[in-house]
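Spelled out from the first residue to the last, the chains are:
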Amino acid sequence: MEIDGQHQQEATTAVPHGFNADYLRIYYGKLFPHGDFFKWLSYGNDGKHPGCDQSFVGRREFSFTLENDIYLRFQSFDSVAEMENSIKEKCPFKIDIGPPAKRHAYAQSGNNVFVPVERELIFDIDISDYDDVRYCCSGADVCKDCWPLMTIAIKILDASLRDDFGFNHILWAYSGRRGVHCWVCDSRARKLNNEQRAAIADYFRVYKGGENTMKKVSLTGPVLHPFLARSYTDVLKCFFEDKLLLSQQLFASEERYRKILDLIPDENIASELHDKWQGNRRSSISKEDVNATRWEQLKTTLQSGKQKAQGLRRCVEEIVFSYTYPRLDMEVSKHMNHLLKAPFCIHPKTGRVCVPIDPNNCDDFDPTTVPTLSQLLGELNADGLHSNSENGK
Amino acid sequence: MEIVRSHRQIAAAAAGGGGGDGGGRAGGLPTYRLAPQLEVRLEEFELFAIDRLGVLKGIADGLSRGKRPEEMEKLVNELWKARMRRQDPAETLNKDIISHFVLRLVYCRTEELRKWFLSMETTLFRYRFRLESHESQRMLMSEFQLPYKALPHLEFEAVKDKLSQVARSIGQSATVESVFFKVPFEEVPDLVASRRVFLSKGYAYVAMSQVVSLVVTQFRCNISKALVLTNRKWMATIKEEEKDRLTPIVEALSNAYFGPDYSQPKDAVEISLKDIDQLARTSFPLCMRHMLEKLRENHHLKHGGRMQFGLFLKGAGLKLEDALAFWRAEFSQKVGSERFDKEYAYSIRHNYGKEGKRTDYTPYSCQKIISATPGVGDHHGCPYRHFGEENLRAALNKMGVSGHPLEEIMDKVKNRHYQVLNLTVLASIGNLLNFDHLNHLKYEIHS
């Protein structure tokens, strides 16, 4: 009897997938973490002790995107209550966080001179920037085969931000669909100017894509900078060899291995390998072996003692970097006044929550299992019914 | 007396500020921050400036010949000794400061002059800094607000391997410099951006040679601002006030020289830098003209173009030194001279058989050029083959080919008879008389 009842409950508590103002209202009403969110962005200035800058929180800009693409800029709030009420009332489809500015965002004086005073160091990595190296998906899609590219981006950047730059307060968040965002919140990070932000972004930049360049990764010099070397030996090499080769079948077809051969600056070697593999088309090796085998052959050829030419010295690493190294959106990081989507928003297209990702466990993160708005509401319903039934209704 | 006074006023005005000492230490390297309160005779006004100009000219020449840093250091030392150094170090300092400020007047007056002066003075400063003692260098660093403390020995030993790795990664020798500074990474954004420093826990480990760059950048910035101010003062008051005395001297000095010096003795079978542009107009085949044009326009050519055009020039008799100067003059405008030296100079020397397996490469034959397949962004290959009809017509028009000869050529192109076209073109613009040129330009023409 009870069992039957439960089934009935499940049937009635499930909420159809969707994204709309009604759903959001409930989400903002019951689930969005207003308190923690506001506290984070106050950086202690919401306290009572004399060191607090009372005006700080009110000078932070937010922007809301409402239903029907109505865009509201220069939203600011002097207290968590004010923020919470505004969000609940307006039900924004998207919330962006901007920098705290010199003047109150609502400055009425007419000169809307909006000068950022400080700003978190932010990064935005989008998997659609990797479309030329993933065959399983393209554009906005993401699956378990290509998502790991994001995982290693997190690993590499997180390690460097901590070890090289000495930052500690780093928040990683799922962007809701196809990427990750990074918020570096140390006060030292917030005080960086545009030039310094650009320098950090350039430090991280390896991939220089352009239509005219065939080869987008160029690692000159007899050895790699310690940061790149560490990234390669700790993360990229095994990811490429153990996971990506196979999951993306990088050598399985002529079209695919041609792309890799195009990265080899020596035409003779490239054609030698090409001819060798073309000949093997009808061999009985299983798909698995093909990728690993061909990669080994390529490595052996390039790294053999015969190859003295300068351009070839780092070719193997260049190939690995081309396929795996993080590709940042430089513009996002370079400018203090760039707005970025807030964590805990819901992505309109997928309904998924922009949840934080723990960099120490990022291997376990699976974007396809991130809770959606409708799932959460379903759970709320079930919870409500459950507690109702407990109360004897 | 009057002259002396005037100069002081001018110098003071020129510095855009008050008096004070010349911003130098006795026997040290002045930073020219403030105009000196010094007495100088009118003849010295001119002579000091001319001597310094000789130094700057020598530097310009050395740079355009692609001299390596060690060679430049030596050159600067020699030039300074020959033209500026006096028995009494105080007199040398005197001359140093005065000549600098006089040349500011001379070179502040147009954008081009300022650019040249800034570039040469900065280079002079850079190499003089390198020649100073460690003690003197540290004092200068403080003056430029770079009060870095040298890394203590123990800490140095702990990170030595990493420092060596960074040095090798940017193409330097594995032997690490002995003096390093630990600075917050925020202070050296350029070095961070180009991964030229080791970073750890928010600190950058900066080598002495890199500190030189920082100092020089500051120096350059200061002089740049000063030149603009000087120009304003010049235009506002000085030029008019001194129109009977100093102004003519200043103007004469600036006409005496500026720009890179390409003068070379002319030889029957050689061409020099100066000749290139002119020869391009009269005797170059279309492909080479096109590449020269693109090179001048973009300050860059991709590999295919560098090979085809570079070897052509070599075959025409352009010497290695001149070739280096030529490519450097263009490329450094786009990628900077450091990058040119590192990434492009090698292959130019290689083409002349001075590196690697030392093959003295010959220029490409028409056949080879015609069969090339230029890609996006390339400008080599044979334009008769690869240019669209409109573009080809336009290019030939520009050369002065029109009417019946033009139609004849377009006809041949349609039928893919690419050979011989260059001869036809040159004949039609009446330059077949320059057949000698054609010969010594050494491109093979299939008949």
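Given the structure is predicted, the values throughout are model-derived calculations rather than measurements. (Residues numbered from 1 in each chain as written. Chains lettered and ligands numbered in written order. Predicted model: local features only at pLDDT ≥ 70, side-chain atom pairs only at ≥ 80, totals over all residues. Heavy atoms only, no water.)

1. Some words on the sheet that holds strand β3 (residues 203–207) of chain B
Residue and element names in this part refer to chain B. Under the convention used in this document: Paired strands are those between which DSSP finds at least two bridges. Put simply, DSSP marks the helices as runs of H or I at least four residues long and the strands as runs of E at least two long, and each gets a number from the N terminus on. In this analysis an axis means a line fitted to C-alpha atoms, helices contributing only their contacting stretch, and an angle means the value between N-to-C directions, from 0 to 180 degrees.
Taken together, three strands build an open sheet; the order of strands is β1-β3-β2 and the sheet is antiparallel. Each having just a single partner strand, β1 (180–184) and β2 (198–200) make up the two edges of the open sheet. Across the sheet, the axes of successive neighbouring strands diverge by a mean angle of 30°, strand direction being ignored. Note: β2 against β3, three bridges, orientation antiparallel. By the bridge assignment, S200 is partnered in β3 with Y203.

2. Describing the pattern of salt bridges
Residues and elements named next belong to chain A. The cut-off we apply is this: Any Lys or Arg side-chain nitrogen found within 4 Å of a carboxyl oxygen on Asp or Glu counts as a salt bridge. Categorising residues by exposure relies on relative accessible area from a 1.4 Å probe, with only protein chains included: less than 20% of the type maximum marks a residue as buried, more than 50% marks it as exposed, and the intermediate range marks it as partly exposed.
Throughout the structure, instances matching the rule amount to 41 salt bridges over all chains. Between K237 and E241 there is a salt bridge, and its shortest N-O distance comes to 3.4 Å. Here the residue K237 and the residue E241 both occupy positions in helix α8 (residues 226–247), the gap between them amounting to four residues, near one helical turn. Taking relative accessible area as the criterion, K237 reaches 29% and is therefore assigned partly exposed. Taking the shortest distance from any N to any O, the salt bridge between E241 and K299 comes out at 2.6 Å. Of this pair, E241 sits in helix α8 while K299 sits in helix α11 (residues 287–303), placing them 58 residues apart in sequence. With relative accessibility at 22%, the residue E241 sits in the partly exposed group.

3. A closer look at the packing of helix α11 (residues 273–282) of chain B against helix α12 (residues 286–298) of chain B
Residues and elements named next belong to chain B. As a reminder, the rule being used: When describing relative orientation, an angle under 35 degrees is termed roughly parallel and one over 145 degrees roughly antiparallel, while 65 to 115 degrees is termed roughly perpendicular and anything else oblique. For any pair of crossing helices, the crossing counts as left-handed if the nearer helix is rotated counterclockwise from the farther one by less than a right angle, and right-handed if it is rotated clockwise. Two residues form a contact once any of their heavy atoms are found within 4.5 Å. Any residue outside Ala, Val, Leu, Ile, Met, Phe, Trp, Tyr, Cys, Pro, Asp, Glu, Lys and Arg is labelled polar, Gly included; the first ten of those are nonpolar and the last four are charged.
Relative orientation of the contacting elements α11 and α12 amounts to 135°, with a least axis distance of 10 Å. Accordingly, the angle class assigned to the pair α11 and α12 is oblique. The two elements α11 and α12 cross, and the hand of that crossing is left-handed. Between α11, through I276, D277, A280 and R281, and α12, the contact on the second element is made entirely by R289, L292 and R296. A class-by-class count of the residues in the contact of α11 with α12 yields three nonpolar, no polar and four charged.

4. Details of the nonpolar core
Inclusion rule: To define a nonpolar core, start from buried Ala, Val, Leu, Ile, Met, Phe, Trp, Tyr and Cys residues and group those joined through side-chain atoms within 4.5 Å.
Core analysis: the biggest nonpolar cluster contains 184 residues, and F167, F204, F251, I264, L298, I319 and F321 of chain A have the highest contact counts within it. Once you skip the residues sitting within four places of it in the chain, F251 of chain A turns out to touch L245, Y257, I260, W277, V290, N291, R294, W295 and L298 of chain A. One finds L273, F309, L318 and C382 of chain B within the second-largest nonpolar core, a separate group that totals 47 residues.

5. So, the interface of chain A and chain B
Keep this limit in mind: Once two parts are put together, the accessible area they lose, assessed with a 1.4 Å probe and summed over both, is termed the buried area. Pairs of N or O atoms within 3.5 Å make up the polar contacts considered here, provided that, within protein, one atom can donate a hydrogen while the other can accept it, and that residues adjacent in sequence are counted only when both atoms are side-chain atoms.
Facing the 28 residues of chain A at the interface are 22 residues of chain B. Together, the buried faces of chain A and chain B total about 2100 Å²; carbon and sulfur atoms form 58% of this surface. One can count two salt bridges joining chain A with chain B. Between R188 of chain A and E186 of chain B there is a salt bridge whose closest N-O contact spans 2.7 Å. The interface formed by chain A and chain B includes twelve residue pairs in polar contact (both at pLDDT 80 or more). At the level of elements, α5 (148–163), α7 (194–204) and α8 of chain A are the ones that each hand at least two residues to the side of chain A that touches chain B. Take the side of chain A that touches chain B: its biggest share by element is seven residues, from α7 of chain A.

6. So, the sheet that holds strand β5 (residues 170–174) of chain A
All names here are of chain A. Read from one edge to the other, the open sheet built from four strands follows the order β4-β6-β5-β8, with strand pairing classed as antiparallel. Of all strands in the sheet, those with a lone pairing partner are β4 (121–126) and β8 (356–357), marking the two edges. Relative to β8, β5 runs antiparallel, the two sharing two bridges. Paired with W172 across the strands is I357, a residue of β8.

7. Topic: helix α7 (residues 153–169) of chain B
This is how the line gets drawn: Expected span of a helix, by definition, is 1.5 Å for each gap between consecutive residues, and there is one gap fewer than residues. One axis is fitted to the seven residues ending at the residue and one to the seven starting there. The bend at that residue is the angle between these axes.
Taking 1.5 Å as the rise per residue, α7 of chain B with 17 residues should run 24 Å; its terminal C-alpha atoms sit 23 Å apart, in good agreement. If you look at α7 of chain B, its biggest bend is around 60°, right at V159 of chain B. Of the positions making up α7 of chain B, those classed as buried are F156, V159, L163, S164, V166, A167 and S169 of chain B. As for α7 of chain B, its buried residues are in contact with α8 of chain A together with β1, β2 and β3 of chain B. Two residues or fewer after α7 of chain B comes G171 of chain B, characterised by a positive phi angle close to 85°.

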